[in-house]
Amino acid sequence: MINSIKARFTCENCLVIKQNSPKSNNPDRKTGTPLENNIEELTRSVSFMSKQFDNFSAKLDSVILELKNIKIENEKFKSENNRLSEEIVILKCKIEQSNLGITVDITGIPKTINEDCKLIVEDIGKKTNTEINILEAYRIDSFISKRSFIVAKLATRDMRTNLILNVKSVKLTTDKIYNSWQKEKIYINGRLTKLKRTLFYQVKTTAKDKDYKFVWLSDADILVRKSENTKIIKINSSQDIIHF
């Protein structure tokens, strides 16, 4: 029977319930077979889920893009932080080094019992015709190599400079100071900070591996040179070792 006829055989209570039900009040509701209604409902569900997935996919792409931008910014900050940290280390080393401007390291002097380091440095000054006034002198062990060396603090920067130049120019050896000493070359340089001594040792090791002919110090600056005809490279930090 059609719906208009069916309604005549429905009690008043059921008729009111049916008329007030969501399905009866839904203007978009379409009549059809149960299979057709199920297919239509399934289609609507799939369409809804598809829109939800598209929205989610768009949000996910936005989040991924934002994360990429954050990663790029973090890399920039990291690079800048490393650069600033390196500059701070260099500046700190320069300040510490400037405080050692009147001090020298003397390597090659054999260690003896009851030695007088101040007297040894005075004899070095006499042998090189260098006028020096020694404030203090003592021996310390190297934290890098097994050799020890003498540290001498002079009265002025000029005294330090003249002593370094004269010792190098005469190529002073230990037997010229005391005849009883076995002949060994004496090395003298401006006193280096712990950090710079470590860097100097690393530079010498790397230079040897790369067949660099010259590695030396000039007023506490570390310099290297491949050969006589190549340019001089100044080493300020461990990063410079990678590129020379």
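Numbering of residues starts from 1 in every chain and runs along the sequence as written. Reporting in this predicted model follows two pLDDT cut-offs: at least 70 for local features of residues, and 80 or more for side-chain atom pairs to be given and counted; totals over whole chains, interfaces and linings ignore these cut-offs and use all residues. Note that water and hydrogens are dropped before the side-chain values are worked out from all heavy atoms of the structure.

Enquirer: Kindly report on the overall build of the chain, identifying the contributing residues and their values.
Expert: Only DSSP runs of H or I reaching four residues or more are called helices, and only runs of E reaching two or more are called strands; each is numbered from the N terminus. Scanning the chain from terminus to terminus reveals eight helices and seven strands. Buried positions account for 25% of the 244 residues belonging to the chain. Here the Shrake-Rupley method, with its probe set to 1.4 Å, supplies the accessible areas, and only the displayed protein chains count as covering residues. Accessible surface for the chain amounts to roughly 17,800 Å². Of this, 54% is attributable to carbon and sulfur atoms. Buried, partly exposed and exposed residues are distinguished by accessible area as a fraction of the type maximum, computed with a 1.4 Å probe on protein chains only: under 20%, between the cut-offs, and over 50%, respectively.

Enquirer: Before we move on, can you summarise the pairing of strand S1 (residues 103–107) with the specific residues and values?
Expert: Across the five residues of S1, four count as buried, placing the element largely inside the fold. Bridging between S1 and strand S4 (residues 187–190) involves four bridges; their strand directions are antiparallel. By the bridge assignment for S4, threonine 107 is matched with tyrosine 187. Only strands joined by at least two bridges in the DSSP assignment are considered to pair.

Enquirer: Tell me about the packing of aromatic side chains, residues and numbers included.
Expert: In this description, a pair of aromatic rings is defined by centroid distance and the angle of the planes. Working definition: a ring pair exists when centres of Phe, Tyr or Trp rings (six-membered ring for Trp) sit within 6.5 Å. Plane angles under 30 degrees give stacked, over 60 give edge-to-face, the rest tilted. Per the stated rule, a full pass over the model turns up one aromatic pair. When the ring of tyrosine 178 is compared with that of tryptophan 181, the centres are 4.6 Å apart and the planes differ by 75 degrees; the resulting orientation is edge-to-face. Since its relative accessible area comes to 12%, tryptophan 181 is described here as buried.

Enquirer: Go over the nonpolar core with me, naming the residues and quoting the values.
Expert: Working definition of a nonpolar core: buried Ala, Val, Leu, Ile, Met, Phe, Trp, Tyr and Cys residues. They are joined through side-chain atoms within 4.5 Å. Among the nonpolar cores identified, the biggest contains 21 residues, and Ile106, Ile109, Ile124 and Leu163 are the most heavily contacted of them. When contributions to this core are tallied by element, the ones reaching two or more residues are S1, helix H5 (117–127), strand S3 (148–154) and helix H6 (157–169). The residues touching leucine 163, leaving out its near neighbours within four places in the chain, are Val104, Ile124, Gly125, Thr128, Thr130, Ile132, Leu154 and Ile188. Throughout, a residue-residue contact means that at least one pair of heavy atoms, one from each residue, lies within 4.5 Å.

Enquirer: Residue-level account of unusual backbone geometry, with values.
Expert: For asparagine 129, which is not a glycine, the phi torsion comes out positive at approximately 55 degrees. The topology assignment puts asparagine 129 in the loop between H5 and strand S2 (134–141). Although it is not a glycine, aspartate 211 adopts a positive phi angle of roughly 60 degrees. Its place among the elements puts aspartate 211 in the loop between helix H7 (194–209) and strand S5 (214–218). Accessibility expressed as a relative area gives 58% for aspartate 211, which makes it exposed.

Enquirer: Break down H6 for me, citing the residues and quoting the values.
Expert: The end-to-end C-alpha distance of H6 is 18 Å, a good match for the 18 Å that 13 residues give at a rise of 1.5 Å each. Buried within H6 are the following residues: Met159, Arg160, Leu163, Ile164 and Val167. Projected down its long axis, H6 shows its buried positions confined to an angular sector of 130 degrees, all on one face. The outward face of H6, more than 90 degrees from its buried face, is lined by the exposed residues Asp158, Leu165 and Ser169. Those residues of H6 hidden inside the fold are in contact with S1, H5, S3 and S4. A positive backbone phi angle near 50 degrees is found at lysine 171, which sits one or two residues after H6. Any helix carries an expected span of 1.5 Å times its number of residues minus one. This arc describes the spread of directions from the helix axis toward the C-beta atoms.

Enquirer: Pulling in residues and values, what's your account of the sheet that holds strand S7 (residues 233–235)?
Expert: In space, the three strands of this open sheet follow the order S5-S6-S7, with antiparallel pairing throughout. Both edges of this open sheet fall to S5 and S7, since each of them pairs with a single strand only. Each strand axis lies, on average, 30 degrees off the axis of its neighbour in the sheet, ignoring direction. As paired strands, S5 and strand S6 (residues 221–225) are joined by five bridges and run antiparallel to one another. Within S6, the position partnered with valine 215 by the bridge is valine 224. To obtain an axis, a line is fitted to C-alpha atoms, over the contacting stretch when the element is a helix, and the angle between two such axes runs from 0 to 180 degrees between their N-to-C directions.

Enquirer: Which residues make up the sheet that holds S3, and what values go with them?
Expert: Where strands meet in a sheet, backbone hydrogen bonds hold them as pairs that are either parallel or antiparallel. Reading across from one edge, S2-S3-S1-S4 is the order of the four strands in this open sheet, with antiparallel pairing throughout. Edge positions in the sheet fall to S2 and S4, since each of these pairs with one other strand and no more. On average, each strand axis in the sheet is inclined to that of its neighbour by 20 degrees, with strand direction left out of account. Of the pairings in the sheet, the one linking S2 to S3 comprises seven bridges and is antiparallel in character.

Enquirer: Go over the confidence of the model for the chain with me, naming the residues and quoting the values.
Expert: What pLDDT reports is the predictor's confidence in each residue, on a scale of 0 through 100. Here the chain averages 83 in pLDDT, and 85% of its residues register 70 or above. Per-residue pLDDT, averaged within each element of the chain, yields its smallest value for helix H3 (residues 22–25) (47) and its largest for H5 (94). In the predicted structure, residues 22–27 sits below a pLDDT of 50 and forms five contacts with residues beyond four places in sequence or in another chain.

Enquirer: Account for H5, naming residues and giving values.
Expert: Residues of H5 that are buried: Cys117, Ile120, Val121, Asp123, Ile124 and Gly125. Buried residues in H5 make contact with S1, S2, S3 and H6. For the purposes of these results, a polar contact is taken to be a pair of N or O atoms within 3.5 Å, where, inside protein, one atom must be able to donate a hydrogen and its partner to accept one; residues adjacent in sequence count only when each atom of the pair is a side-chain atom. With a side-chain oxygen lying 3.2 Å from the backbone nitrogen of lysine 118, the N-terminal cap of H5 falls on aspartate 116.

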